[in-house]
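# Fold and geometry: a report
This is what each chain is made of:
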Amino acid sequence: MSQKIDLKRECQGRLRSRCWFDNPHNPGMTAIYIERFPNYGVTREEMQSGKPIIGIAQSGSDISPCNRIHLDLERRIRDGIRDAGGVPFVFPTHPIQESCRRPTTWIDRNLSYLTLVELLHGYPFDGVVLTTGCDKTTPAALMAAATVNIPAIVLSGGPMLNSYYKGKLAGSGMAVWEARRLYAAGEIDLKGFMEMVASSVPSQGHCNTMGTATTMNSVAEALGMSLPGCGVIPAPYRERFQMAYETGRRIVEMVHENLIPSKILTRAAFENAIVVTSAIGGSTNAPPHLIAIARHMGVELRIQDWETIGHHIPLIVNCQPAGEYLAEAFHLAGGVPAVIGELMKIGEIREHAINVTGKTMGECYRGYESLNPEVIRPCSNPLRKNAGFLVMSGNLFDSALLKTSVISEEFRQRFLMKPGEENVFTGRAIVFEGPEDYHDRINDPSLGIDEHSILIIRNVGPVGFPGAAEVVNMLPPDALVRAGVSQLPCLGDGRQSGTSASPSILNASPESAVGGNLAILRTGDQIRIDLNRRRVDVLISEEEIAQRRAEMKIEIPPSQTPWQELFRAHTGQLGEGGVLEFAVKYHDVGKEIPRHSH
């Protein structure tokens, strides 16, 4: 016996919400579905008016400070929905706080995705406003929109205002890494450490650097899932509240137009997102997030595409960590529209892709250009040419990422300019079994860490940690920092913060915990990093590799919660997006009406 609901009979070609609130074929169930909402003042007339029912996916809360601005923006979203003829219903999403959640927020991205899919599938929504901000909230929302495929639009919360410490820009995240360096060098005490970090959060909003939050909300606009200009308006600006209103209005129109994510999230849209990420100096977390969204949408996107499509793109946004300014200046210089406009001038934007306006990217962004060429450079005068990611491979892993836009001149001169071996570095591996081991032993003099060392961290990938930890950007020993060596080459099967300026090789897949060759490394091994050939190799024989693999013993720490166990059992590798592998087969679930509840 079929368990499918006859959608044609139940909804009679009308809005999805009518299957719940106005079904003449089943008045008993209709009564149950509308029965409880009036207890806080919603009227039966509103629910049965035939107006679109619009969900507002509220990601703001007291434990999600980067998204808390949405508690204020919600009112303006509601106003826009009402004025456009819709009926708003607010519901909470799984909270994600990047810097406080243990063991790591990566496990929350997939959990938030799952819960959002269930809410959008199981409740009478005709469309949804996805409120985003901090790192994982944006990809989780877009992954869910791709799976459910009902009209959806992203409203980002925006970055914090410019932040300063002793008169100098102190970007969020960046201030943490710099304070760590100064503390290790003995240049500040513990009080100064805490004061410097606290100075980097001056207002509501997410990170004001080009960390993962600013990157992913810029990506949401580049994908076409936000209104033009939405990406980086600072949270406290009046324009952010005006954008909330316009977003509320637009989602109602999208429902009437049946403008669903599958019409927007095409291969061309993902290629635009790669190009924009490279041009803005975006976070190393963007590739696995974007691959995850594409896989849930059913669009083929590979890790190699990040180099093929994006590496030749110039860095034109002068924003920390690859540059010097912060996101408020980025917005005032024209934001994402200016970046897309400048990239259109050199033919790097797929102009035929459409966005949430229903128009093409060419129609929406043609004519935009930088309002401050010091902050957003023309492509003819970039901060760096060929600024996208390199995709590395070798005998230690199948794929890993290197962000070239943060390779400083000092780092290049110290490690990558040996005559006759330019862009090549051979060093001695120092292996750590996780962040605890790193913090316990980094200053151990018996390790002999010097300028010819490569810091390795393993067991920090999706399965090993669990959730891929942001720990690959490892500070050298205090003694080296005091001697003026503030960075060493780093490599690992985890991630690093998008606010980090470390040119680490990270996201190594497969990770050590599932049998990747990082598990066979030993302290003292010689490793050769060759950027020209895009390879990382341990310099031992194939026979030695085989012997070590035969002797390899992998010990995964026990899961501490039920979700950690489920996450480990079903989540794939970073090179494939780190998704719940069983979930990628589900598409268009919003078109399938669930069975009745009574």
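Preceding this section is the structure that the text describes.
For the structure given in this document, a descriptive report is provided here. (Residues numbered from 1 in each chain as written. Predicted model: local features only at pLDDT ≥ 70, side-chain atom pairs only at ≥ 80, totals over all residues. Heavy atoms only, no water.)

### As for empty space enclosed by the protein
This is how the line gets drawn: Within this scheme a cavity is a closed region of a 1 Å grid, computed over the protein atoms alone, that accommodates a 1.4 Å probe without allowing it to escape, whereas a pocket is open but has protein on both sides within 12 Å along at least five of seven lines; lining residues each have an atom within 4 Å of a point. Grid points are joined across faces, edges and corners, and a volume is the space filled by probe spheres set on the points. In this classification, the charged set is Asp, Glu, Lys and Arg, the nonpolar set is Ala, Val, Leu, Ile, Met, Phe, Trp, Tyr, Cys and Pro, and all remaining amino acids, among them Gly, are polar. Here a helix means four or more residues in a row that DSSP labels H or I, a strand means two or more in a row labelled E, and each is numbered from the N terminus.
Tallying each qualifying case throughout the model produces three cavities of 30 Å³ or more. The computed volume of the largest cavity comes to approximately 110 Å³. Every residue lining the largest cavity is listed: Leu402, Ile407, Phe411, Phe415, Leu416, Phe425, Pro489, Cys490, Pro503, Ile505, Ile529 and Leu531. Residue composition of the lining of the largest cavity, grouped by class: 12 nonpolar, no polar and no charged. As a volume, the second largest cavity reaches approximately 80 Å³. Looking at the second largest cavity, the residues that line it are Ala57, Ser59, Thr93, His94, Ile96, Ser112, Leu116, Thr131, Thr137, Ala140 and Ala141. Among the elements that line the lining of the second largest cavity, the one with the most residues is helix H7 (residues 137-148), at three residues. Split into classes, the residues belonging to the lining of the second largest cavity amount to five nonpolar, six polar and no charged.

### Quick word on the nonpolar core
Keep this limit in mind: Throughout, nonpolar core names a set of buried Ala, Val, Leu, Ile, Met, Phe, Trp, Tyr and Cys residues whose side chains join them through atoms within 4.5 Å. Burial here depends on accessible area, computed with a 1.4 Å probe over protein chains only, as a share of the maximum for the residue type. Under 20% is buried, over 50% is exposed, and the range in between is partly exposed.
Residues Leu223, Leu290 and Val339 are the most contacted members of the largest nonpolar core, which totals 119 residues. Sort the elements by how many residues they give to this core and helix H13 (residues 267-280) lands first, with nine residues.

### Some thoughts on a nonpolar patch on the surface
Rules: Exposure above 30% relative accessible area and the absence of a salt bridge qualify a residue for a patch, where like charges join within 9 Å and nonpolar side chains (Val, Leu, Ile, Met, Phe, Trp, Tyr) within 5 Å. Working definition of accessibility: Shrake-Rupley area with a 1.4 Å probe, residue cover restricted to the visible protein chains. The salt bridge criterion pairs a side-chain nitrogen of Lys or Arg with a carboxyl oxygen of Asp or Glu, the two atoms within 4 Å.
Residues Tyr183, Leu190 and Met194 make up a contiguous nonpolar surface patch of roughly 310 Å² in combined accessible area. For Leu190, the position within the fold is in helix H9 (residues 190-198).

### What about the layout of surface pockets?
Taken as a whole, the second largest pocket encloses approximately 1000 Å³ of empty space. Taken together, 44 residues form the lining of the second largest pocket, with Trp177, Glu178, Arg181, Leu475 and Ser486 sitting closest to its centre. Only strand S6 (168-169), helix H8 (174-184), H9, helix H19 (409-415) and helix H20 (435-441) provide two or more residues apiece to the lining of the second largest pocket. With eight residues, the top contributor of residues to the lining of the second largest pocket is H8. Its residues assigned to classes, the lining of the second largest pocket comprises 24 nonpolar, 11 polar and nine charged.

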